[in-house]
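A structural walkthrough
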Amino acid sequence: MGYRFSGHESFPCRYSWLPKAYRALSKDPRALVDDEAAMVELGVGKNMVRAIRFWVQAAGVAEPAASGLSVTALGTQIFAEDGLDPYLEDARTLWLIHWKIASNAPEPLYAWESIFGRWHLPEFTRSEILDSFQRETQRMERDLSLVTLEQHFDVFIHTYLPTRGPKGEVKEDNLDCPLVELELLRENGTRRHGANGRSECVYKFNREPKPSITSHLFAFALSDFWNSRHSAERTLTLREIAGGLGSPGKVFQLSEADVWDRVSRLDRDTNGAFVLRESAVQSQVVKNKSLDSPLLAVYDRESLYA
């Protein structure tokens, strides 16, 4: 598995980066190839150019091409001038970006897959996660320094939580990552760690209902999960959809009750593309057909299920 621990240059993705990168790449696929030229084009420093190059791919807005980076169909549908949400004003776009970053199957970001996909406790601390990272990277025989792992974790945290000053106040000028708005993580007090009893922040997953994840957005994520990780299967268990690695339940941090409620409406919401088959032993969802270009339905511009 080609896990990624670096490439973000210790920068979380910022609000303006994806729209700026899309506009530059739609004009010239080589716009981000040369660091110096990209610095002028985007008005940022060299390390930020490299970070933008990383995040535009992680978010599924662009992909490697022989000439540089080519914008994807998803990137064009969202960020074109007449696109669905070119200025990141819609919460559904933020959920889509989070989905793409956290569910990447071919080249997963390690912190995202580990924390959203494999961590089974409702909360965690920095030390607990770093201990886990070190154990797993040693098991994988990846020779990574503690500094690399710390930077990777810090980028993860600052993707979803605002930066705070020395007295705990939020630094408004640092609220740069749009995914902070999703409130997927919360600070939940402190606890002591290790022999020295050092106090550190406790982070808690927000598993409350998330109405901004609409029924069509959930169906989009389920379809993407199915195609990328279970393409040969016609049925998936409710357990896999709620708790499988890279599943909508895990990536969106939905409760089992919330997933059940959403799955029970899939037949209606997708016009029979996905149907729940209830069983006393193991309930399953049956995939009767693929969803053709479901992104438009996510934004309610047009029902592609009718």
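Everything numeric here is computed off the predicted structure, so don't read it as measured data.

Counted according to the given criterion, the structure contains 21 aromatic pairs. The interplanar angle of 70° and the centroid separation of 5.1 Å between the aromatic rings of Tyr-110 and Phe-133 together place this pair among those described as edge-to-face. Linking Tyr-110 in helix α6 (residues 110–118) with Phe-133 in helix α7 (residues 126–139), this pair joins segments that are 23 residues apart in sequence. For the residue pair Tyr-110 and Phe-133, the accessibility class agrees, reading buried in each case. Three or more aromatic residues link up through ring pairs in this structure, and these residues are Phe-54, Trp-55, Trp-112, Phe-116, Trp-119, Phe-124, Phe-153, Phe-156, Tyr-160, Tyr-203 and Phe-205.

Atom-level detail of predicted coordinates should not be read off regions where pLDDT is low. Across the chain, the average pLDDT comes to 91, with 92% of residues at or above 70. Across the chain, helix α11 (residues 248–251) holds the top mean pLDDT of 98, while helix α14 (residues 295–298) sits lowest at 84.

The next thing to look at is the pairing of strand β7 (residues 274–277). Residue alternation in β7 divides its side chains into a buried set, Phe-274 and Leu-276, and an unburied set, Val-275 and Arg-277. Judged from the four bridges that link them, β7 and strand β8 (residues 284–287) form a sheet pairing that is antiparallel. Bridge pairing in β8 links Arg-277 to Gln-284. Where β7 hands over to β8, the hairpin turn is made up of six residues, counted between the paired strands.

In this structure, Trp-55, Trp-112, Phe-124 and Phe-156 are the most contacted members of the largest nonpolar core, which totals 92 residues. With residues near it in sequence (within four places) discarded, Trp-55 still touches His-8, Phe-11, Pro-12, Cys-13, Trp-17, Leu-18, Ile-101, Leu-109, Trp-112 and Val-155.

So, about the pattern of salt bridges. Applying the stated criterion to the full structure yields 18 salt bridges. Here Asp-90 ties to Arg-92 by a salt bridge, and the two come within 2.6 Å at their closest N and O atoms. No difference in accessibility class separates Asp-90 from Arg-92, as the two residues are buried. Between Arg-198 and Glu-200 there is a salt bridge; the shortest N-O distance is 3.9 Å.

Following the sequence through the fold, Thr-125 ends up in strand β3 (residues 123–125). Residue classification places Thr-125 among the buried residues on the basis of a relative accessible area of 1%. If sequence neighbours within four positions are ignored, Thr-125 has contacts with Arg-191, Glu-200, Cys-201 and Val-202.

Rules of the game
Counting restarts for each chain, with residues numbered from 1 along the sequence as it is written. Local features in a predicted model are, by the rule used here, given only for residues with pLDDT of at least 70; side-chain atom pairs are given and counted only at 80 or more, and totals for whole chains, interfaces and linings are based on all residues. Side-chain numbers come from the whole structure's heavy atoms, not from hydrogens or water. Stacked, edge-to-face and tilted are the three classes for Phe, Tyr and Trp ring pairs, Trp counted by its six-membered ring, which pair at centre distances within 6.5 Å; planes under 30 degrees apart are stacked, over 60 edge-to-face, the rest tilted. In DSSP terms, a helix is any run of H or I states spanning at least four residues, a strand is any run of E spanning at least two, and both are numbered starting from the N terminus. The rule is simple: take the accessible area with a 1.4 Å probe, protein chains only, and divide by the maximum for that residue type; under 20% is buried, over 50% is exposed, in between is partly exposed. Looking at any residue, its pLDDT shows the predictor's confidence there, from 0 to 100. By this definition, two strands are paired if DSSP reports at least two bridges between them. Put simply, a nonpolar core is a bunch of buried Ala, Val, Leu, Ile, Met, Phe, Trp, Tyr and Cys residues held in one set by side-chain atoms that sit within 4.5 Å of each other. The contact criterion used throughout is that any non-hydrogen atoms of two residues lie within 4.5 Å. Only one rule defines a salt bridge in this text: a Lys or Arg side-chain nitrogen within 4 Å of an Asp or Glu carboxyl oxygen.

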